[in-house]
Amino acid sequence: AQLQLGGALLAATPVDGDSSAFLPALESFSRAAELEPGLAAAHGGRGAALLAMDRAGEAVEAYEHALSIDPTVPEWLHSLGKALRLAGQPEESLAVLDQALALGDDGEVLATKGEVLAELASPDALSILEEVVKHPVVAISVRDMDALLVTDRAVALAPEGEEAAL
């Protein structure tokens, strides 16, 4: 029950810059981990809450614990990679992101890898980020966002009472 509560609290918490808003989710996941130490999802949930609270070092520990129980969850690997990056460990981040990519091609993981490489001023950053743009999921998102921006602009510029010319 604590695990489901933590997930619901985490999903329902608005991302508005107030990291303390994630505290109830963290407490719920922590309680679930305390009740069932071998429950990987409880530790993964703790990692998500801690990462949302900008507590990267603690998030790294929580994700590593979750992955020691179940190493096959690409979302945890991706989040561990993000946490390592934020904790100032870009090389370790890249290694973990490569593990996540080995479990399946994911545009978001690839984008995170490109960002880490760019921060390291790696010559590989540009080719990775070009690959990200070509990724089907990311490309759809970019096209949809462009379409929304064009539509919003046309609607905003249309004279009152007239339809926007798209």
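Residues numbered from 1 in each chain as written. Predicted model: local features only at pLDDT ≥ 70, side-chain atom pairs only at ≥ 80, totals over all residues. Heavy atoms only, no water.

## Things to note about unusual backbone geometry
In step 1: Phi is positive for Asp-54, close to 60 degrees, though the residue is something other than glycine.
In step 2: Checked against the element boundaries, Asp-54 lands in the loop between helix H3 (40–52) and helix H4 (56–69).
In step 3: Residue Asp-54 is classed as exposed on the basis of its relative accessible area, which comes to 65%. (Helix = DSSP H or I, 4+ residues; strand = E, 2+ residues; numbered from the N terminus. Buried < 20%, exposed > 50% of the residue type's maximum accessible area, 1.4 Å probe, protein only.)

## Describing the confidence of the model for the chain
In step 1: With 70% of its residues at a pLDDT of 70 or more, the chain has an overall mean of 79.
In step 2: Under a pLDDT of 50 for its full length, residues 139–158 has, in the predicted model, nine contacts with residues more than four places off or in other chains. (pLDDT = per-residue confidence, 0-100. Contact = heavy atoms within 4.5 Å.)

## Some words on the pattern of salt bridges
Pairs can form between side chains of opposite charge once their charged atoms are near each other.
In step 1: Using the criterion set out here, one finds five salt bridges in the structure.
In step 2: The shortest N-O distance in the salt bridge between Arg-85 and Glu-115 comes to 2.9 Å. One end of the pair, Arg-85, is in helix H5 (residues 74–86); the other, Glu-115, is in helix H7 (residues 107–119), with 30 residues separating them in the sequence.
In step 3: Taking the shortest distance from any N to any O, the salt bridge between Asp-98 and Lys-113 comes out at 2.7 Å. Of this pair, Asp-98 sits in helix H6 (residues 90–102) while Lys-113 sits in helix H7, and the two are 15 residues apart along the sequence.
In step 4: For Asp-98, a relative accessible area of 36% translates into the label partly exposed. (Salt bridge = Lys/Arg side-chain N within 4 Å of Asp/Glu carboxyl O.)

## A short note on the packing of H5 against H7
Two quantities define a packed helix pair, namely the angle between the axes and the distance from one axis to the other.
In step 1: Put simply, H5 and H7 touch, their axes get as near as 10 Å, and they point 20 degrees apart. With respect to each other, H5 and H7 are oriented roughly parallel. Relative to H7, H5 is oriented so that their crossing is left-handed. Where H5 abuts H7, its residues His-78, Lys-82 and Arg-85 lie against Glu-108, Val-109, Thr-112, Glu-115, Val-116 and Glu-119.
In step 2: The residue inventory of the contact of H5 with H7, partitioned by class, reads two nonpolar, two polar and five charged. (Axes fitted to C-alpha atoms, helices over the stretch in contact; angles between N-to-C directions. Parallel < 35°, antiparallel > 145°, perpendicular 65-115°, else oblique. Left-handed = near helix turned anticlockwise from the far one by under 90°. Nonpolar A, V, L, I, M, F, W, Y, C, P; charged D, E, K, R; others polar.)

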